[in-house]
Amino acid sequence: MSKRVFSPLVLLVVFLITGCNLGETTTTEPLSVFHEFNTAESYTMTITANYPMFGELEFVIKKDGNKEYMFMFGEEIYAYLEDGEYYLIVKDEAGQWIKVKYNEIMDEENEIGLDVDVTVFDEELFTIEEDKYILKEEYYTTLFDEETAEQLRSFELVFTDDGLKINYRLSIQGVIINAEMIVNNLNQTTVELPQIQQGESA
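Predicted model, so just to flag it, every value in this text is computed and none were measured.

## Structural notes on the overall build of the chain
Each helix and strand in the chain was counted, giving 4 helices and 13 strands. For the chain, the proportion of its 202 residues judged to be buried stands at 45%. Sequence-distant contacts, at least 24 apart, represent 51% of the contacts inside the chain between residues at least 6 apart. Accessible area for the chain stands at about 10700 Å²; split by element, carbon and sulfur atoms hold 44% of it.

## A closer look at the confidence of the model for the chain
For the chain, per-residue confidence averages 75 on the pLDDT scale, and residues scoring 70 or more make up 71% of the total. Within the chain, the element-level pLDDT minimum falls on strand β1 (residues 3-6), averaging 41, and the maximum on strand β10 (residues 132-135), averaging 91. Segment residues 1-28: pLDDT under 50, and 104 contacts once partners within four positions in sequence are set aside and those in other chains are kept. Overall, residues 106-114 carries pLDDT values under 50, and its contacts beyond four positions in sequence, including any with other chains, amount to 25 contacts.

## Quick word on the packing of aromatic side chains
The final tally for this structure, using the stated rule, is 7 aromatic pairs. For the ring pair Y78 and W97, a centre distance of 5.4 Å and an interplane angle of 80° mean the geometry is edge-to-face. Highlighted residues: Y78 in strand β5 (residues 75-82) and W97 in strand β7 (residues 97-101), separated in sequence by 19 residues. Residue Y78 is classed as buried on the basis of its relative accessible area of 11%. Residues Y133 and F159 carry aromatic rings whose centres are separated by 5.4 Å and whose planes lie at 90° to one another, so their mutual orientation is edge-to-face. On the criterion of sequence distance, the pair formed by Y133 in strand β10 and F159 in strand β11 (residues 152-160) is long-range, its members being 26 residues apart. Take Y133 and F159: they sit in the same class, and that class is buried. Put simply, the rings of Y69, Y78 and W97 pair up and form one aromatic cluster. Directly above the aromatic system of Y87 lies the positively charged group of K99, at a separation of 4.8 Å from the ring centroid.

## Some words on the pairing of β10
Residues in a regular strand project their side chains so that they alternate between the two faces of the sheet. Here β10 shows one buried face, formed by Y133 and L135, and one open face, formed by K132 and I134. With 3 bridges connecting them, β10 and β11 associate as antiparallel partners. Pairing of K132 across the sheet is with V158, part of β11.

Cut-offs applied
- Residues numbered from 1 in each chain as written.
- Predicted model: local features only at pLDDT ≥ 70, side-chain atom pairs only at ≥ 80, totals over all residues.
- Heavy atoms only, no water.
- Helix = DSSP H or I, 4+ residues; strand = E, 2+ residues; numbered from the N terminus.
- Buried < 20%, exposed > 50% of the residue type's maximum accessible area, 1.4 Å probe, protein only.
- Contact = heavy atoms within 4.5 Å.
- Areas by Shrake-Rupley, 256 points an atom, 1.4 Å probe, with all protein chains shown as cover.
- pLDDT = per-residue confidence, 0-100.
- Phe/Tyr/Trp six-rings, centres within 6.5 Å; stacked < 30°, edge-to-face > 60°.
- Lys NZ or Arg CZ within 6 Å of the ring centre and 35° of its normal.
- Pairing = 2+ DSSP bridges.

The following block contains the structure:
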């Protein structure tokens, strides 16, 4: 089972709220912190990315069970799972909250991220420098699909007192994108869905 760690490369990014069960892994401390993140019912994720054309951008994702909150490009987006379907709650042109089906505005081609296979995580895959785990280049294809592995220039985990920090660098069509992802508030994050405009349906 893989866990998608999204790179903020599109306007609408949904950190899929599948709540998948990853089962047992071969991780040891502190890599078990990464496993804890993948199995947590809730967490807060802050992504900072540097784009050559746009400068530094910040994204916030909060997950709470089958609900999510996202803040990006000055816009708020909510997502949730209902009866096996994914829905987004967004504002229409009048500023009212409406519900739309996820697959009506997103598809697999629009999802750009890092599919990390955490079930194979082991210390031997990394060069360890104190609290920093730097993924060895020869193991890029072990954790990521072939396309992502080709784009990846670096990937490291940093374990802090209050959570996990993931630093990675991608080269997309010759453009270098540096991203920092901070994950904290494990099992302490809450998301409240906004009131949908009366009469609006999916």
